[in-house]
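# Architecture at a glance
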Amino acid sequence: MSMLQVTVGDDEVHEYATGTTAGDVIRNVHGRKSGAVAAVVDGEQKDLSFILTKDCKVTPITGESEDGLYILRHSCSHLLAQAVLEFYPDAKPTIGPPIEHGFYYDFHMDPITDEDLARIEKKMQELSRTNLLVTREEHDNASLREMFADNPFKIEIMDDKIEDGAGSTVYRQGDFVDLCRGPHVATTAVLRWFKLTSTSTAFWRADSDRESLVRIYGLCFASKDALKNHQTMVREAAKRDHRKLGKDLQLFHIDEMVGAGLVLWTPRGAVVRNELQNFISEHLARQGYHQVYTPHIGKLDLYRTSGHYPYYQESQYPPLVERDLMAKLSDEGCSCSELSNLMEAGEIDGYLLKPMNCPHHIRIYASQPRSYRDLPLRLAEFGTVYRWEQSGEISGMTRVRGFTQDDAHLFVTEDQIAEEVLGCIELVEEIFGTLGMEDYRVRVGMRDPDSSKYVGESAAWDRAESACLEAAQSLGVEFIEEEGEAAFYGPKIDFVVRDVIGREWQLGTVQVDYNLPERFELEYAGADGEKHRPVMIHRAPFGSMERFVGVLIEHFAGRFPTWLAPTQAHIITISEKHKQYAAEVAAQLKSAGIRVEVDDSDNTIGKKIRTHRAMHPAYMLIIGDEETANGTVSIRNRAGDQAANVSIQQFTDDLTAEIQSRAAEPSLIGED
Ligand SMILES: [Zn+2]
Ligand SMILES: [Zn+2]
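Residues numbered from 1 in each chain as written. Chains lettered and ligands numbered in written order. Predicted model: local features only at pLDDT ≥ 70, side-chain atom pairs only at ≥ 80, totals over all residues. Heavy atoms only, no water.

### Remarks on the layout of surface pockets
Spelled out, the test is: A 1.4 Å probe that fits but cannot get out identifies a cavity on a 1 Å grid over protein atoms alone, an open set with protein on both sides within 12 Å along at least five of seven lines counts as a pocket, and a residue lines either if it has an atom within 4 Å of a point. Grid points are joined across faces, edges and corners, and a volume is the space filled by probe spheres set on the points. Under the scheme used here, helices are H or I runs from DSSP no shorter than 4 residues and strands are E runs no shorter than 2 residues, and both carry numbers assigned from the N terminus. Basically, the charged four are Asp, Glu, Lys and Arg, the nonpolar ten are Ala, Val, Leu, Ile, Met, Phe, Trp, Tyr, Cys and Pro, and anything else, Gly included, counts as polar.
Estimates place the volume of the largest pocket at around 1200 Å³. Met356, Arg387, Gln405, Tyr489 and Thr509 are the residues nearest the centre of the largest pocket, which is lined by 43 residues in total. Counting only elements with at least two residues in the lining of the largest pocket, the list comes to β20 (402-412), β23 (492-498), β24 (504-513), α15 (516-519) and β27 (535-540). Looking at the lining of the largest pocket residue by residue, the classes come out as 16 nonpolar, 16 polar and eleven charged. Taken as a whole, the second largest pocket spans an internal volume of roughly 670 Å³. Residue assignment for the lining of the second largest pocket shows that the elements contributing at least two residues are α2 (66-87), α5 (152-161) and β11 (176-179). Considering each element in turn, the lining of the second largest pocket owes the most residues, four residues, to α2. Grouping the amino acids of the lining of the second largest pocket by side-chain chemistry returns twelve nonpolar, eight polar and five charged.

### Quick notes on the packing of aromatic side chains
Selection rule: Only rings of Phe, Tyr and Trp enter the pairing, Trp through its six-membered ring, and a pair is recorded when the two centres are within 6.5 Å. The plane angle decides the type: under 30 degrees is stacked, over 60 is edge-to-face, the rest tilted. Type-normalised accessible area, obtained with a 1.4 Å probe on protein chains alone, sets the label of each residue: buried when under 20%, exposed when over 50%, and partly exposed for intermediate values. When the NZ atom of lysine or the CZ atom of arginine is within 6 Å of a ring's centre and also within 35 degrees of its normal, the charge is said to sit over that ring.
In total, this model carries 16 aromatic pairs according to the counting rule given. Ring centres of Tyr365 and Phe411 lie 4.6 Å apart, and the angle between their planes is 25°; this geometry places the pair in the stacked category. Of this pair, Tyr365 sits in helix α12 (residues 358-365) while Phe411 sits in strand β20, placing them 46 residues apart in sequence. Given a relative accessible area of 1%, Tyr365 falls into the buried group. Summarising the aromatic geometry, the rings of Tyr454 and Trp461 are spaced 5.0 Å apart at their centres and angled 65° between planes, so their arrangement reads as edge-to-face. No difference in accessibility class separates Tyr454 from Trp461, as the two residues are buried. The structure contains a cluster of three or more aromatic residues connected by ring pairs, namely Phe432, Tyr440, Phe542 and Phe548. In this arrangement the basic side chain of Arg73 is found over the ring face of Phe221, its NZ or CZ atom lying 4.9 Å from the centre. One cation-aromatic arrangement involves Arg370 over Tyr365; the distance from NZ or CZ to the ring centre is 5.3 Å.

### Here we look at the sheet that holds β27
Under the convention used in this document: By the convention used here, strands pair only if DSSP detects at least 2 bridges between them. Contact between two residues is taken to exist if any of their heavy atoms lie within 4.5 Å; hydrogens are not considered. Lines fitted to C-alpha atoms define the axes, with helix axes restricted to the stretch in contact, and inter-axis angles between N-to-C directions lie between 0 and 180 degrees.
With respect to topology, eight strands assemble into an open sheet ordered β16-β19-β20-β27-β24-β23-β21-β22, the strand pairing being mixed. Across the chains shown, the open sheet's two edge strands, defined by having one partner strand only, are β16 (290-291) and β22 (479-483). Summarising the sheet, strand β19 (residues 377-386) and β20 pair through ten bridges and their orientation is antiparallel. Residue pairing for β20: Leu379 is matched across the bridge by His409. Running over the sheet, helix α8 (residues 267-286) touches β16, β19, β20 and β27 and is turned about 160° from β19. Sitting on the sheet, helix α16 (residues 545-556) is in contact with β19, β20 and β24, with an inclination near 150° to β24.

### Considerations on a negative patch on the surface
Keep this limit in mind: Note on patches: the residues involved have over 30% relative accessible area and no salt bridge, like charges join within 9 Å, and the nonpolar side chains Val, Leu, Ile, Met, Phe, Trp and Tyr join within 5 Å. Exposure was quantified through the Shrake-Rupley algorithm and a 1.4 Å probe, taking into account, for residues, occlusion by the shown protein chains and nothing else. For this analysis, a salt bridge means a side-chain nitrogen from Lys or Arg found within 4 Å of a carboxyl oxygen belonging to Asp or Glu. Charged residues are defined here as Lys and Arg on the positive side and Asp and Glu on the negative side; His and the ends of the chain fall outside this count. Note that the charge is assigned to NZ on lysines, CZ on arginines, CG on aspartates and CD on glutamates.
Taken together, the side chains of Glu419, Glu426, Glu429 and Glu430 define an acidic patch exposed on the protein surface. Structurally, Glu430 can be placed in helix α13 (residues 417-434).

### As for the coordination of the zinc ion (ligand 2)
Convention followed: Donor criterion used throughout: N, O or S atom within 2.8 Å of the metal, extended to 3.2 Å for Na, K and Ca. Water excluded; incomplete-looking sites may result.
Every protein donor of the zinc ion (ligand 2) is accounted for by Cys358 (SG), His409 (NE2) and His538 (ND1), and the metal-donor separations fall at 2.0 to 2.4 Å. Here the donor residues of the zinc ion (ligand 2) share one chain and are spaced in sequence as C-x50-H-x128-H. Here His409, found in strand β20, pairs with His538, found in strand β27; they are 129 residues apart in sequence, far enough to count as distant. When sorted by exposure, His409 lands in the same class as His538, which is buried.

Next comes the structure, spelled out in structure tokens:
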């Protein structure tokens, strides 16, 4: 028998007999508990049962790895289909891919209930314990058609995907067989940490004219802990869901009559937004920004020049046309489609709800002659923009159709890019730091070196890219360079924050732009007396106020730091007798600028505390006989810790100091 040279490590070579499987090698080298679910043989993913017939390199794919999880989840979808067929022999399995955190499988069958789901999951566990071998078979097209003759969906897949004479593989476990390329786990016993979660309706080929299918979703992980952690995370995420908390805490409202994706900031939410805007504005003032205001619409010509129209029409609200022009066109018998063609061709003008603030700011720049002494010119606006999102994409405050960006445009000389990008980064650092969002990372989008789609000189790009990289480095947080992720008009920096439960949120961006100054022919007079073209930097580091506040609601689980809390002190009376004194306390706190709410209703003290605790004020003040007699208050924080008989003046001073320091956590009780 000839021997094979099998590379098993960086340069470790073992000798095996022909006929040895990839799994044998891995067991031999990495032990029985290697956690391998499949193997990579000479760069290709293979089943552990893959038989080695030539010299090769073999490495394990462990269940924890990304590829391994994919295989586990894909294998779990087969297990699900097998279990479903045990109960519903007439169900037709269609497709069953792995997805993030798990898998699904679509079946042509009658709808099932939650009890059915539990029963199917139990059957999957049983099939796992039975330790069925999962085997791969190769078949020609004729044999495949015979095997799946009673499943028109699989036949349709074959018609589409398998060329004449190509054949394919199937995977078999017990009496279940599925058309599949694999690889798969070696036995069903490997599949242990899964959980079926829900069902939904899907259409074959995502086409609503085709058959309606039952989709069954499941989770699958490589270990018990990983599955448990994920389930805990999902439960925690549901509790923190800003759509739920936003309603419970009366922070915002989305109203069908106003329109989907259009956020109404209610008084309590408006406080949070306003505090944040003030905070950001203070920094911008320190950094030499100028505040501007611009209207919500602009002429189509503006957006033709910027390039936003007609190219991004599908993500914009349709244009507005002047009434006189409309009347004239209608007299001429112009049809809707002619109107839109005329508009696109630039033959009639109209207005667009602004999809971006940049063109307006550019016209402010261009409104007077600029010299190098005016630069950098930094124009900031909490500017509201409108984008058309598909209704299926809209969600709470994080995917909306109208939003206010923390926007600014910097008009700079080439030499000023590095310092200005750094300034943007410092703002982000300061604000994330204050909000206790220490866990964030930065992505630097660079050119694709092999592409020629980029505007601007290559040497200028090199400088701008290294400016972005240096700025990102200076943060001292994790950052990655992403080649090919730059826009065609310049490199960019994106901010991604990880919340307390490990989810990532993409916030805003800092973007260098060589293109718009060109399109609008912007100029400044240089020290040499010649005309030069400025570079623009767009920056909206927190994205939009809607998205940012949505993320903050989830980050804080509705328990905002005192300075951001919609109400900072809720005053609660124990009985009717304390009404007068409660009003005096409230007046004193309000005159110190503290946001106060008073509950002097007839409800029991227990009920009042429960009701107000649910609103997560920073502090509750309880007013009874003793407090009224002594001119004091009793304070209660969110954790339920209490401090009795604190003088009003003392409390006012301490709370004011806490608000001014923008402390991340309320800390008036328990420190001393
Ligand atoms: Zn498969
Ligand atoms: Zn912009």
